[in-house]
Amino acid sequence: MAATLRIQSDWSRALSRDEGEAWLSCRSPGKPTLYGSVTRRGLSSDGVPDIAASEGFVVGEVTKKSILISCPHENVSTKFLAPYTSFSRIHQKSITCLDISSGGGLGVSTSTDGTMKIWQAANGEIRRLLEGHVYDVNCCRFFPSGLVVLSGGMDAQLKVWSAEDASCVVTFKGHKGGVLDTAIVERGRNVLSCSRDGTARLWDCGKAACLGVIADCGSPVNGIAVGTADNSLNLGTPEKPPSEREVGTEGKILLLAREDKKLQGVGLQSRQPVFLFVGSDAFNCCTFLSSTYILAGTQDGNIYQLDVRNTNAPIQVIHRSGAPVLSLLPYRDGFVASQGN
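For clarity, every value in this text was computed on a predicted model and none was experimentally measured.

Before going further, it helps to spend a moment on the UniProt feature "repeat: WD" (unreviewed entry) in the chain. Residues annotated by UniProt as "repeat: WD" (unreviewed entry) correspond here to residues 88–129, 130–171 and 172–204. Helix makes up 0% of residues 88–129 and strand 50%, with an end-to-end C-alpha separation of 16 Å. Annotation note: span residues 172–204, helix share 0%, strand share 64%, distance between end C-alpha atoms 9 Å.

In structure tokens form, the structure reads like this:
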């Protein structure tokens, strides 16, 4: 387990002032945490901040938007990036889920303040307030068109919204517990959901109907992801011919991140189990890196990389801290992870 180097979250603001200061910490499992600070001493001739670190830490490359800091004692270094921009007026409390439209123009987000909003990604200007769920909204995402939003809430309902006029065009009912995550199949004629009731369901947007229960796990399903399976993977055969309303389910595998410490793969069209992997704690999230490689994150801070063709043992287990892994997103040749610390 590697050491983790952290800097206070508003470091870029702290160091933007003359003689500003930000706090550092370096934590290695089983050892006392090392604390320090970085201080701005002014600007260089080319306008880049002159940054110095306290004893035990070393400042490497510094630009106007990033700073490289290392802790030689623990042989760890981290590059910290300043935010491109910050929006502080969209929500009043913690943001629980967000998504950006495929064109990059709009964002949608939910919050513990009880609201779901659509906003301009360029400047944070609020465009629409999406009202209709009872209780908290847990998840939201854009359809590929960028004109429609899918959401799920603690009221056990899924809703489809117009991003243009904020109208709710479809409501799906059938879950017996709060909806925790959603996924969209191809262009979005079908969508998927998972719930505290332990099921994952496939829905037909055109007729607002449930096309079937893909899995019934007997334990809350915290996250799902759908992807195209590797050709060598046996996805099973449906017990009965699929509905003509199913579009794009053939050759797809559905990942289920379960509360009972299990990560499951199910053939989307066949409804047949493909694999079952047992982790160290409840799985919170999962995603595809490719048709063969997947990632899943647990409540105790582990990120598992698996090959769907052989899930007997993970390819690697990444552990940066014991904080819950809350979301995973493929990015270029790697991925981005968020943790609850």
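Structure shown, so let's carry the discussion forward.
Core analysis: the biggest nonpolar cluster contains 25 residues, and Val-108, Leu-130, Phe-172 and Val-191 have the highest contact counts within it. Counting residues per element, the ones that place at least two in this core are strand S9 (106–111), strand S10 (116–120), strand S12 (137–142), strand S13 (148–153), strand S14 (157–162), strand S15 (168–173) and strand S16 (179–185). Ranked by residue count, the leading element in this core is S12, at 4 residues. Setting aside chain neighbours within four positions, we find Leu-130 in contact with Val-108, Met-116, Ile-118, Val-149, Trp-161 and Ala-166.

Right, let's get into the environment of Ser-243. Mapped onto the fold, Ser-243 is located in the loop between strand S20 (221–228) and strand S21 (252–258). For Ser-243, a relative accessible area of 30% gives the class partly exposed. In this structure the C-alpha to C-alpha distance between Ser-243 and Gln-269, which are 26 residues apart in sequence, comes to 9.8 Å. For Ser-243, the side chain forms a polar contact with the main-chain nitrogen of Arg-245, separated by 2.9 Å.

Within this structure, the stated rule accounts for 5 aromatic pairs. The rings of Phe-277, Phe-283 and Tyr-304 are connected pair by pair, giving a single aromatic cluster.

This next bit is on the domain arrangement of the chain. Taken domain by domain, the chain consists of domain 1 (4–81) and domain 2 (95–339). Here domain 1 and domain 2 have C-alpha centroids that lie 36 Å from each other.

Attention shifts here to the sheet that holds strand S19 (residues 209–216). If you walk across this open sheet you meet the 4 strands as S16-S17-S18-S19, and the pairing is antiparallel. The outermost strands of the open sheet, each flanked by one partner alone, are S16 and S19. Strand-to-strand twist of the sheet, defined as the mean angle between neighbouring strand axes without regard to direction, takes the value 20°.

Our focus in this paragraph is the side chain of Arg-40. Here Arg-40 shows up in strand S3 (residues 34–43). Among the polar contacts listed, one links the side chain of Arg-40 to the backbone oxygen of Leu-15, at a separation of 3.1 Å.

Another point: the pattern of salt bridges. Per the stated rule, a full pass over the model turns up 8 salt bridges. Salt-bridge contacts for Lys-31 lead to Glu-74; the nearest nitrogen and oxygen are separated by 3.5 Å. Taken together, the residues Lys-31 in the loop between strand S2 (21–27) and S3 and Glu-74 in the loop between strand S6 (66–71) and strand S7 (76–81) connect sequence positions 43 residues apart. Exposure remark for Lys-31: the relative accessible area of 45% places this residue in the partly exposed category.

The rules behind the values
- Residues numbered from 1 in each chain as written.
- Predicted model: local features only at pLDDT ≥ 70, side-chain atom pairs only at ≥ 80, totals over all residues.
- Heavy atoms only, no water.
- UniProt positions renumbered as here; feature names shortened; annotations may be inferred.
- Helix = DSSP H or I, 4+ residues; strand = E, 2+ residues; numbered from the N terminus.
- Core = buried A, V, L, I, M, F, W, Y, C linked by side-chain atoms within 4.5 Å.
- Buried < 20%, exposed > 50% of the residue type's maximum accessible area, 1.4 Å probe, protein only.
- Contact = heavy atoms within 4.5 Å.
- Polar contact = N/O pair within 3.5 Å; in protein donor to acceptor, adjacent residues only side chain to side chain.
- Phe/Tyr/Trp six-rings, centres within 6.5 Å; stacked < 30°, edge-to-face > 60°.
- Domains from an automatic or database assignment.
- Pairing = 2+ DSSP bridges.
- Axes fitted to C-alpha atoms, helices over the stretch in contact; angles between N-to-C directions.
- Salt bridge = Lys/Arg side-chain N within 4 Å of Asp/Glu carboxyl O.

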